Amino acid sequence: MDDDDNEEGNFMIEEDYYTFLNVSREATRDEINNAYRRLSRLYHPDKHTDPTHKKEAEVLFNKTKKAYEILSDPHKRAIYDSLGTRGLETEGWEIVQRTKTPQEIREEYEQLARQREERRLQQKTNPKGSFTVSVNATELFSEYEDDYLDLDDSLLPAIEITGMSISQSIEAPLTVTDTMTLSGNLSTHNSTGSGSFMVGARRVLSEKSWIEFDLSAGNGPLISFKCFHNLTRTIFGTFIPHIHFTNKGVQSGLEMSLAMRMDEHTMGYVTWRAGIISSLSTSVARNTETSHFNLMFQLGIPHSFASVNYAYKIRTRELRLRGAFKFGTFGALAEYGAEKKISEHNTLSAAVTVGVPTGVTLKIKLTRANQSYILPIHVCEEVMPSPIFYSTFAPLILYYVVKKLIVDPVVAEQEKRDKERQREANKKRMAERRREAETAIKLMAATFSRIRTDEETRKGLIIVKAFYGRLIANNEMGEPNSVPQDETIDVRVPLQCLVKDSKLILHEASKSQLPGFYDPCVGEDKCLFVQYLFHNHLHETTVGDKDSLMIPKQSHRVNPTPT
């Protein structure tokens with residue numbers, strides 16, 4: 001039942017008190033007071049003598065008063081800004097001191113939420129896993145002497161599965177600070193198999209440190225201890241000793257790492273490993289909204305190397321283009337690839353690795369939630385143009401075909417279902433919002449007439465036409481074509497009532513929350529078309545649902561058609 005409620009809650013549209021008052025999220029106390037007084041004069045029950053209008057005005061006045069009470073109270077406003085209306089409804093806020101800063105309020109909320117969800121956390125797990133199938137397809141590009149071919153053998157090249165591995169882990173939160181982890185893996189390569197099982201327990205000691213104890217069994221028992229601690233605000237370290245009991249005796253090892261935040265986007269790392277495999281490595285990683293860069297050097301036994309990785313993020317297309325180069329005592333390799341988010345929970349990536357002496361390898365990976373499905377294909381043992389070409393373009397062609405024939409129809413169907421669920425979840429609320437908007441427009445009649453008369457007298461800003469919803473324009477700045485009435489609404493009256501001193505300003509937020517507005521097509525892309533007169537000249541503009549609007553503007557003027 002709780003899951004259903006949470007799932008439905010994801011589709012519910014919350015109240016936007018800033019938009020209802022038509023002020024920005026950075027509005028001052030005076031701006032909020034002025035907006036409240038303006039709407040109070042419009043909706044105060046004492047301003048209406050008709051009993052029906054008086055009752056309707058009381059509903060809108062109470063909503064105006066509620067928005068004002070929240071935004072004018074620094075304590076409630078900080079909660080609302082950080083957590084929305086759900087934060088205001090959380091049990092326990094009465095114990096929070098009003099002298100708290102917004103950051104302290106957020107921390108208080110998180111503490112209350114943890115206490116409230118503790119029993120639910122005890123019943124939840126966080127499953128993670130991967131499934132890997134290694135394929136050897138080198139015969140596709142390898143040449144063999146015909147003298148050694150048997151006529152009875154197949155003429156098709158042999159493609160073999162050389163290895164397979166499965167790993168899975170789950171987390172079992174025992175309390176807010178204690179977590180148990182169970183994990184295991186099975187793998188086989190060239191008919192040789194192995195496996196291991198691990199049990200771990202982690203305890204959070206404070207906001208700055210945690211410890212973990214792990215016990216695993218596979219090729220002999222392995223005991224390890226992990227400790228994490230924030231040394232300063234910008235430096236933290238980990239300490240991981242371990243003991244491994246094998247048929248050849250007891251082997252011990254140690255790993256220590258130190259990390260430092262160099263700036264907002266850059267981290268530096270130093271790691272030392274001691275044991276059978278020993279190394280000293282240092283790396284620098286820089287991660288921004290548009291790119292990720294990593295540079296690493298390692299000196300060790302048996303291998304030393306240097307590597308550089310770069311990824312360019314195209315956020316608008318949810319795409320990452322990656323490139324890497326690595327060389328050392330093992331040889332050298334170059335890798336390039338792409339990662340694309342194909343749906344809300346699915347990410348697909350492909351990478352081509354060209355190296356000496358490894359040859360050419362194509363790696364395809366599908367990530368769904370916390371599960372990964374990996375397909376490394378060894379294409380060729382030598383570096384040759386043909387396997388590089390086919391490894392690069394074959395996945396692109398396959399992705400395009402699969403996307404058009406399978407992914408796009410599935411995603412379109414999912415989006416259609418989500419829109420239907422969103423409409424259904426908000427059906428009752430949207431009906432109320434529609435009635436509220438129609439009521440607001442009736443109550444605006446006197447204010448509309450007064451403001452319009454004043455603007456006509458001064459040849460100021462007069463709204464001629466205004467439509468909100470799913471509009472289809474004749475041209476880039478033209479008047480919208482006719483669309484079904486249930487997908488657009490006439491908002492000429494409420495927009496005119498927002499005009500002050502021949503100016504109209506709408507802030508960056510969904511306009512469906514403005515007085516006299518509602519959402520006529522939940523889940524669809526919406527925009528606002530406005531045609532207005534200013535100094536007796538006709539102007540037009542169309543803006544997106546969440547775009548700001550400031551009129552009048554000279555660029556909106558409609559040039560008269562020459563005769």
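See the structure printed just above.
Described in the following lines is the structure provided in the data block.

Thresholds, definitions, all that
Residues numbered from 1 in each chain as written. Predicted model: local features only at pLDDT ≥ 70, side-chain atom pairs only at ≥ 80, totals over all residues. Heavy atoms only, no water. Helix = DSSP H or I, 4+ residues; strand = E, 2+ residues; numbered from the N terminus. Buried < 20%, exposed > 50% of the residue type's maximum accessible area, 1.4 Å probe, protein only. Contact = heavy atoms within 4.5 Å. Areas by Shrake-Rupley, 256 points an atom, 1.4 Å probe, with all protein chains shown as cover. Expected span 1.5 Å × (residues − 1). Salt bridge = Lys/Arg side-chain N within 4 Å of Asp/Glu carboxyl O.

## Side note on the overall build of the protein
Now for step 1: Within the protein, the secondary structure is distributed over 10 helices and 23 strands.
Now for step 2: Residues counted as buried form 34% of the 563 residues belonging to the protein.
Now for step 3: Within the protein, residue pairs in contact and separated by at least 24 positions form 44% of the contacts whose partners lie at least 6 positions apart.
Now for step 4: When the accessible surface of the protein is split by element, carbon and sulfur atoms take 55% of a total near 35100 Å².

## A word on helix α4 (residues 51–72)
Now for step 1: Between its terminal C-alpha atoms α4 stretches 31 Å, which fits the 32 Å expected from 22 residues at 1.5 Å a residue.
Now for step 2: Looking at α4, one finds that the buried residues are Ala57, Leu60, Phe61, Lys63, Thr64, Ala67, Tyr68, Ile70, Leu71 and Ser72.

## Examining the pattern of salt bridges
Now for step 1: Counted according to the given criterion, the structure contains 16 salt bridges.
Now for step 2: When the shortest N-O distance is used, the salt bridge between glutamate 438 and arginine 434 registers 3.3 Å. Taken together, the residues span about one helical turn, with glutamate 438 and arginine 434 both in helix α8 (residues 427–443) at a distance of four residues.
Now for step 3: Using a relative accessible area of 40% as the deciding quantity, one classes glutamate 438 as partly exposed.
Now for step 4: The salt bridge involving aspartate 519 is made with lysine 526; its shortest N-O contact spans 3.3 Å. Each member of the pair aspartate 519 and lysine 526 is classed as buried.

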